[in-house]
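# Fold and contact review
Below, each chain spelled out in residue letters.
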Amino acid sequence: MSAVTESGLWRRLREAGVSVIPRPIAWRAEDIGEARRHFSWVLSGIAATVLAAAATGVLMWRYPQFAGWLWMAQIVLLVGLVAMIGAALVCVQRCLLRPLTQIREWATELRRGNLSARVPQAHSGELGALSRDINELGDAMQMLSRNMAAEVEKHTERLAQKTRSLELLYEV
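Residues numbered from 1 in each chain as written. Predicted model: local features only at pLDDT ≥ 70, side-chain atom pairs only at ≥ 80, totals over all residues. Heavy atoms only, no water.

### A closer look at the side chain of Gln 142
Note that Gln 142 resides in helix 4 (residues 125-171). A polar side-chain atom of Gln 142 sits 2.9 Å from a polar atom in the side chain of Arg 118. Those residues in contact with Gln 142 that sit more than four places away from it in its chain are Leu 115, Ser 116 and Arg 118. (Helix = DSSP H or I, 4+ residues; strand = E, 2+ residues; numbered from the N terminus. Polar contact = N/O pair within 3.5 Å; in protein donor to acceptor, adjacent residues only side chain to side chain. Contact = heavy atoms within 4.5 Å.)

So this is what it looks like as structure tokens:
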């Protein structure tokens, strides 16, 4: 894209009332985001499980008479650790990968010419703000497309009228 086209696009966006300057990030406690809240609990559980498994290993070494019970405790901790890692993967998929996939699908739809495509806004935190900004950009692009189509139609009618006038002049 040339610099002239880019500056023209920015000018049209400003004229359409769309802010082309990114909004400053206002960090608030409620903006931490769903992914961080869920993921911090899962990571805490994983850390606690690893520490408990290490403690049972030390106890097994210190008190060999309880080795049978401590092996069983380590197996239970291992199963818990696998479950928490699974929960972490689900959290990453739900809170990060799914929204990014939706944004990618939006970009694909936009590339195909569907300017009415929007990103679902069921997210909170930074991805929710990104979804809102993307949808505002889609609205602005759709409005610019409509305005451009109206301008092209107006100029086409004007050219058709001038063509008819010229035809009349040449017929005389």
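### Looking at the confidence of the model for the chain
Averaged over all residues, the pLDDT of the chain equals 79, while 76% of them reach at least 70. Element-level mean pLDDT values for the chain span from 57 in helix 1 (residues 3-15) up to 87 in helix 4. A low-confidence stretch, residues 1-6 stays under pLDDT 50, and its non-local contacts, those more than four residues away or across chains, total one contact. (pLDDT = per-residue confidence, 0-100.)

### Concerning the packing of aromatic side chains
Counting across every chain of the model gives one aromatic pair. For Arg 62, the ring lying beneath its charged end belongs to Tyr 63, and the centroid distance is 5.7 Å. (Phe/Tyr/Trp six-rings, centres within 6.5 Å; stacked < 30°, edge-to-face > 60°. Lys NZ or Arg CZ within 6 Å of the ring centre and 35° of its normal.)

### A short note on the pattern of salt bridges
Under the defined criterion, the tally for this structure stands at three salt bridges. For Glu 109, the salt bridge is made with Arg 112, and the minimal N-O distance between the two is 3.3 Å. Notably, a salt bridge pairs Arg 118 with Asp 139, separated by 2.6 Å at the nearest N-O pair. Taken as a pair, Arg 118 in the loop between helix 3 (67-111) and helix 4 and Asp 139 in helix 4 lie far apart in primary sequence, 21 residues in all. (Salt bridge = Lys/Arg side-chain N within 4 Å of Asp/Glu carboxyl O.)

### Some points on the environment of Cys 95
Its location among the elements puts Cys 95 in helix 3. When its relative accessible area of 9% is taken as the criterion, Cys 95 is described as buried. (Buried < 20%, exposed > 50% of the residue type's maximum accessible area, 1.4 Å probe, protein only.)

### Points about the nonpolar core
Core analysis: the biggest nonpolar cluster contains six residues, these being Ile 103, Trp 106, Leu 110, Ala 117, Val 119 and Ile 134. With three residues, helix 3 is the largest single contributor of residues to this core. In this structure Ile 103 touches Val 119, Leu 130 and Ile 134, once residues within four positions along its chain are discounted. (Core = buried A, V, L, I, M, F, W, Y, C linked by side-chain atoms within 4.5 Å.)

### Here's the deal with the packing of helix 3 against helix 4
Remark: helix 3 packs on helix 4, axes separated minimally by 11 Å, with the N-to-C direction vectors making an angle of 10°. The pairing of helix 3 with helix 4 is recorded here as roughly parallel in orientation. On helix 4, the residues touching Cys 95, Leu 96, Pro 99, Leu 100, Ile 103, Trp 106 and Leu 110 of helix 3 are Leu 127, Leu 130, Ile 134, Leu 137 and Met 141. (Axes fitted to C-alpha atoms, helices over the stretch in contact; angles between N-to-C directions. Parallel < 35°, antiparallel > 145°, perpendicular 65-115°, else oblique.)

### Re a nonpolar patch on the surface
A grouping of Leu 59, Tyr 63, Phe 66, Trp 69 and Met 72 is seen on the molecular surface, where their side chains present a nonpolar patch of about 580 Å² in accessible area. With respect to the element layout, Phe 66 can be found in the loop between helix 2 (34-62) and helix 3. Looking at Phe 66, the relative accessible area reads 45%, which means it is partly exposed. (Patch = residues over 30% accessible without salt bridge, like charges linked within 9 Å, V, L, I, M, F, W, Y side chains within 5 Å. Areas by Shrake-Rupley, 256 points an atom, 1.4 Å probe, with all protein chains shown as cover.)

### Here's the deal with helix 3
Its 45 residues give helix 3 an end-to-end C-alpha distance of 63 Å, which sits within 8% of 66 Å, the value for a rise of 1.5 Å per residue. Of all the bends in helix 3, the largest measures some 35° and sits at Gln 93. Those residues of helix 3 not exposed but buried are Ala 67, Leu 70, Gln 74, Leu 81, Ala 88, Cys 91, Cys 95, Pro 99, Ile 103, Trp 106 and Leu 110. Two residues or fewer after helix 3 comes Gly 113, characterised by a positive phi angle close to 100°. (Expected span 1.5 Å × (residues − 1). Bend = angle between axes of the 7 residues up to and from the residue.)

### A word on the side chain of Thr 49
Looking at the secondary structure, you find Thr 49 in helix 2. Judged by relative accessible area, which is 8%, Thr 49 ranks as buried. The contacts of Thr 49, once residues within four sequence positions are left out, are Leu 77, Leu 81 and Met 84.

### Side note on helix 4
Over its 47 residues, helix 4 extends 69 Å from the first C-alpha to the last, a length consistent with the 69 Å expected when each residue adds 1.5 Å. Along helix 4, the positions that sit buried rather than exposed are Gly 125, Leu 127, Gly 128, Ser 131, Ile 134, Asn 135, Gly 138, Ala 140, Gln 142 and Leu 144.

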